[in-house]
Amino acid sequence: MAVALPLLPARTSTAITSTPLFPRTLILDQCKTIKDLNAIHAHLIKTQLFLKPRVAENLLESAAILLPTSMEYAISIFRQLDEPDSPAYNIMMRGFTLKQSPHDALLLFKEMHENHVQPDEFTFSCILKACSRLQALSEGEQIHALIFKCGFGSHGFVKNTLIHMYANCGEVEVARRVFDQMSERNNRTWNSMFAGYTKVGYWEEVVKLFRDMLELDARFDEVTLVSVLTACGRLADLELGEWIYRYIVKKGLKGNPTLITSLVDMYAKCGQVDTARQLFDQMGSRDVVTWSAMISGYSQARRCREAIDLFHDMQKANIDPNEVTMVSVLSSCAVLGALETGKWVHFFIKKKRMKLTVTLGTALMDFYAKCGSVESSTEVFEKMPVKNVLSWTVLIQGLASNGQGKRALELFYLMLENNVKPNDVTFIGVLSACSHAGLVEEGRDLFVSMSRDFGIEPRIEHYGCMVDILSRAGLLEQAYQFIKNMPIQPNAVIWRTLLASCKVHKNVEIGEESLKQIVILEPTHSGDYILLSNIYASVGRWEDALRVRVTMKEKGVKKPPGCSLIELHGVIHEFFAEDNMHYQSEEIYNASEDMMKQIKSAGYVPNTAEARLDAEEDDKESSVSHHSEKLAIAFGLINSPPGTTIRITKNLRVCTDCHNATKIVSKVFNREIVVRDRTRFHHFKGGSCSCNDYW
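Residues numbered from 1 in each chain as written. Predicted model: local features only at pLDDT ≥ 70, side-chain atom pairs only at ≥ 80, totals over all residues. Heavy atoms only, no water.

Let us now look at the packing of aromatic side chains. For any two aromatic rings, the description comes down to two numbers: the centre-to-centre distance and the angle of the planes. Applying the stated criterion across every chain yields a total of 23 aromatic pairs. Each ring, one from Phe 78 and one from Tyr 89, has its centre 5.1 Å from the other, and the planes form 75°; the classification is edge-to-face. Of this pair, Phe 78 sits in helix 4 (residues 71-80) while Tyr 89 sits in helix 5 (residues 86-98), and the two are 11 residues apart along the sequence. Both residues of the pair, Phe 78 and Tyr 89, count as buried. Ring geometry for Phe 447 versus Tyr 463: centroids 5.3 Å apart, planes at 70°, classification edge-to-face. Linking Phe 447 in helix 26 (residues 440-454) with Tyr 463 in helix 27 (residues 460-472), this pair joins segments that are 16 residues apart in sequence. Among the aromatic residues, ring-to-ring pairing joins Phe 210, Phe 220, Trp 243 and Tyr 247 into one connected group. (Phe/Tyr/Trp six-rings, centres within 6.5 Å; stacked < 30°, edge-to-face > 60°. Helix = DSSP H or I, 4+ residues; strand = E, 2+ residues; numbered from the N terminus. Buried < 20%, exposed > 50% of the residue type's maximum accessible area, 1.4 Å probe, protein only.)

If you want it as structure tokens, here you go:
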């Protein structure tokens, strides 16, 4: 016989004076709090209705499922039942899974089996959901076998849950076999399969399955369309995405914010960022997912300033960002070199006590490394509770690109000691570290070790790193022969790496051959012609240098305008060569003239070969003195306190003249100047550069 629990005082509104005709209505509709539940429980015991299984199960359902904090009460009710049947067990398993305790659901199912309680189809649906939550594949497979043993293998309801369980455990092929064996499929069946493919990133299969669905004239809903739009974005399948958009408009579904958010994401990932923004602006209300999708779209399209501007708008709208938002904003700050803005984002993450997940922590590390702040990147790495291969790789690459090759290699060997297996990207970072540190033999050994010890076949990027290692060390003939013996066709980047080294080591012959090969592959890349022209100039072959420049003009090869970015007080300032559009132009040019005078007194000699091609002879010195990075440095000098580090991001490789000038500026003005160009970081301090004049 069941024993009543000590009663809590019942509220007047739920006092019970007579036996209701329909106890289910009273229990499920009127039970709003634990007090209500306690009062009804007492009444059922008093009237002996609690002895009726269906009535007791209604009470159990209220405690286990409907009320948010009453699971302990549900357990006490369940333990009072003399012989709980399958519906009672089902309710409890549902409750445990719903209340984030799926392991307890599995234990209860085991107890049910041991007590020889006959399961029904709802039992298997409940317990498979618990397996899905736990990704307990082994237990799920055992339950699958039991389903057939109990004769429920043909039930569509059970098969739907099986598909979901296998898919959520990553066994999408098994899920698909269950799906294909079904003679009848409802909308939930299809959506379970879509969800499985989405979880593991089988985007082609999502699109293919949707096309099968259309051919079979099967019904689909908004949930289906969200999955397919996500796949369209990942595959850049704009045609299907726009078909879905037309369907949404035709069916009057534009009021569904989840669908429109998926459309925003799809258009952004397909490169149609402005269309995405139009949809975004038309939405009546936007949640954090919508804002994050649009910010991510700008970030992925490299429209980073717009990403940051939209993030500021998001804050004004009082929408709390999530991890996806933060990762996109940090990525944009990294591209722009916006250290102060990114630091504020880091502070915001701490203030909101956001969990430093692998994804968020790695994004922070990457941001700091790409802003030249390697120590901050290392600090984040050390504080991350969990790290994966990408986390280690990002720091290795960051150290390498900032001229700390030996530290990068030390970290790589520490990574191996921690039993973290490197991937192909890790080896790009490690080989790059060898290049910057001049470690030729270590580089050769690691290149061989890739395939021998880790089973990673070298890609074109790895061959490019080896060419850089040999070239940087002055082994140009070996680098040339290495390229000729490559088992894969060298690309323009490989030859360009060799050409850049020919400039440093003044090797005309191999430089000419390099340009010849580059022109075949990429005939309009201006930087290559300029490199060869500079090689000729470095050995006094001025006529040949001029001939290359003339050839550029004849072929219509134009050098893209140099652009330098500098951040001040959270605002990004942009400068082009000989630019006068900035609101402080007059002050900047005056500061630039003063800067040039001071560094000339310290030994700087302008390299007029770096002047623009159409500059008159008398204007060449003025032209080089107004390159974009010099204007940005002048801006930094007059707008920041003495001794403050100046950080600049440039879209092209730093020219020889600006590199020489910046070294002397760092000494004369006692400033550390960090310049991130197209290929690497340059840390200028006390008259020298971290690249050792090789870039």
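Structure shown, so let's carry the discussion forward.
Right, let's get into the nonpolar core. Where a protein is soluble and globular, its nonpolar side chains tend to be buried together. Core analysis: the biggest nonpolar cluster contains 183 residues, and Leu 60, Met 92, Met 93, Ile 143, Leu 263 and Leu 498 have the highest contact counts within it. Judged by nonpolar contacts, the second largest core, of 30 residues, contains Val 624, Leu 631, Ile 673 and Cys 689. (Core = buried A, V, L, I, M, F, W, Y, C linked by side-chain atoms within 4.5 Å.)

For the rest of this paragraph, the subject is the environment of Asp 468. Relative to the helices and strands, Asp 468 is located in helix 27. Placed 219 residues apart in sequence, Asp 468 and Gly 687 show a C-alpha to C-alpha distance of 25 Å. Contacts of Asp 468, omitting those with residues within four sequence positions, involve Ser 435, Thr 497 and Tyr 694. (Contact = heavy atoms within 4.5 Å.)

Take the environment of Lys 685 next. With respect to the helices and strands, Lys 685 occurs in strand 5 (residues 681-685). The class for Lys 685 is exposed, based on a relative accessible area of 56%. Taking C-alpha positions, Lys 685 is 5.3 Å from Ser 666, a pair spaced 19 residues apart along the chain. In this structure, Lys 685 is in contact with Ser 666 and Glu 672, ignoring residues within four places of it in sequence.

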